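What follows is each chain in one-letter form.
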Amino acid sequence: MPLSTLPKTSLRLAEHRLVGENVSFKSSPNTSGPFESNAPDTIVIHFTAGSSLQSSVDVLTSADSGVSAHFVIGRNGDIVQLLPTNQIAWHAGVSAYAGRTDLNRYSIGIELDNAGQLEPRDDGLFESWFGRRYEKSETIEALHPNQSVMGYWHKYTDIQIATTASLCRLLCAHYPISTLIGHEEIAPSRKVDPGPAFPMEALRKLLMLGAYKQESHSYKDGLNNEIALRQETHERSENTVHNKKGRVASVSANTLNVRKGPSASFSLVDNTLQKGEVLKILETQGEWAKVSFTKIGWVNTQYINEISERLPFEG
């Protein structure tokens, strides 16, 4: 459905807080304080890869998770604001774009309740990484620009997209927003959100915003910048993870290797996790935990913090 035909929602900002129907506020402790002058100037769109609006809000407002965003938009169009829009949220992680790094310092983060990339099953259904199954009508098949093979992606709802468009339009009216981008564009080696199911180019045209398109900025450049930012030092945690169904943890190290088995002797999975990423714990063996994110592998439990909430992964 074209964005121009989607229903418009009535929203306004007062003292950096959103006001409107189906809008609520739940404060997150995860912030670096106020933006500097002339910021925010960028909006970053994410998908939650979670099971529900509430589960994602619970994670993003947990002090143990190390992550946050400004807004989370549910599949029914509900909006939960987690931080005032003049405060820095922790949504971008290790990021680089248009010659700048640490996009948290410049951007408003909007999370959309969406399961993300799905795996096809033999029975014709599609399964999320947290185990929920979806009908084919709830998915699209598309090639992600950061991947080399076709994939299956959870669709966004019309009201969710319309609400996102209205919120972005409002933010553009209140702040010097010049750029609308996806998480996949600022961290291309490790992120795929909001993915090809989100109408990014249509929303840019609607808002008359662009992405950085100078010849000097390519996918390779962005990837090289991001890799250069990574630190190999780890921050140890005293927390350990016990074997229990439905346990969730967040990465406490700056970067964390994922291995194919419960020992440093096993080879690496190609994904490196970043601080604050949320994982589902499948099982533990000694000081190793088998975890699920967009893939499955083993990590050392010294470098993850367990989150007390079982959400967003339903056991």
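Everything discussed here concerns the structure shown above.
Residues numbered from 1 in each chain as written. Predicted model: local features only at pLDDT ≥ 70, side-chain atom pairs only at ≥ 80, totals over all residues. Heavy atoms only, no water.

Draft legend 1. Just the nonpolar core, in detail. In terms of nonpolar packing, the biggest core is built from 39 residues, with Ile 45, Ile 110, Leu 171 and Leu 180 touching the most fellow members. For this core, the secondary-structure elements that each account for two or more residues are strand S1 (11-14), strand S5 (42-47), strand S6 (71-73), strand S11 (107-112), strand S16 (150-154), helix H2 (158-174) and helix H4 (200-207). It is H2 that contributes the most residues to this core, six residues altogether. Excluding residues that lie within four positions of it along the chain, Ile 110 makes contacts with Ile 43, Val 44, Ile 45, His 46, Phe 71, Ile 73, Leu 167, Cys 168 and Leu 171. (Core = buried A, V, L, I, M, F, W, Y, C linked by side-chain atoms within 4.5 Å. Buried < 20%, exposed > 50% of the residue type's maximum accessible area, 1.4 Å probe, protein only. Helix = DSSP H or I, 4+ residues; strand = E, 2+ residues; numbered from the N terminus. Contact = heavy atoms within 4.5 Å.)

Draft legend 2. Region of interest: the pattern of salt bridges. This model, assessed by the stated rule, comprises seven salt bridges. When the shortest N-O distance is used, the salt bridge between Asp 58 and Lys 26 registers 3.2 Å. Of this pair, Asp 58 sits in helix H1 (residues 53-60) while Lys 26 sits in the loop between strand S3 (23-25) and strand S4 (31-34), placing them 32 residues apart in sequence. Classification of Lys 26 by relative accessible area gives partly exposed; the value is 33%. (Salt bridge = Lys/Arg side-chain N within 4 Å of Asp/Glu carboxyl O.)

Draft legend 3. Structural view of the sheet that holds S6. Across the sheet, six strands lie side by side as S3-S7-S6-S11-S5-S17; this open sheet has mixed pairing. The sheet is open, and its two edges are formed by S3 and strand S17 (179-182), each paired on a single side. Strand-to-strand, the axes of this sheet are offset by a mean angle of 20 degrees, without reference to chain direction. The sheet contacts of H1 involve S6, strand S7 (79-81) and S11, and relative to S6 the element is tilted by about 165 degrees. (Pairing = 2+ DSSP bridges. Axes fitted to C-alpha atoms, helices over the stretch in contact; angles between N-to-C directions.)

By themselves these figures say nothing about function.
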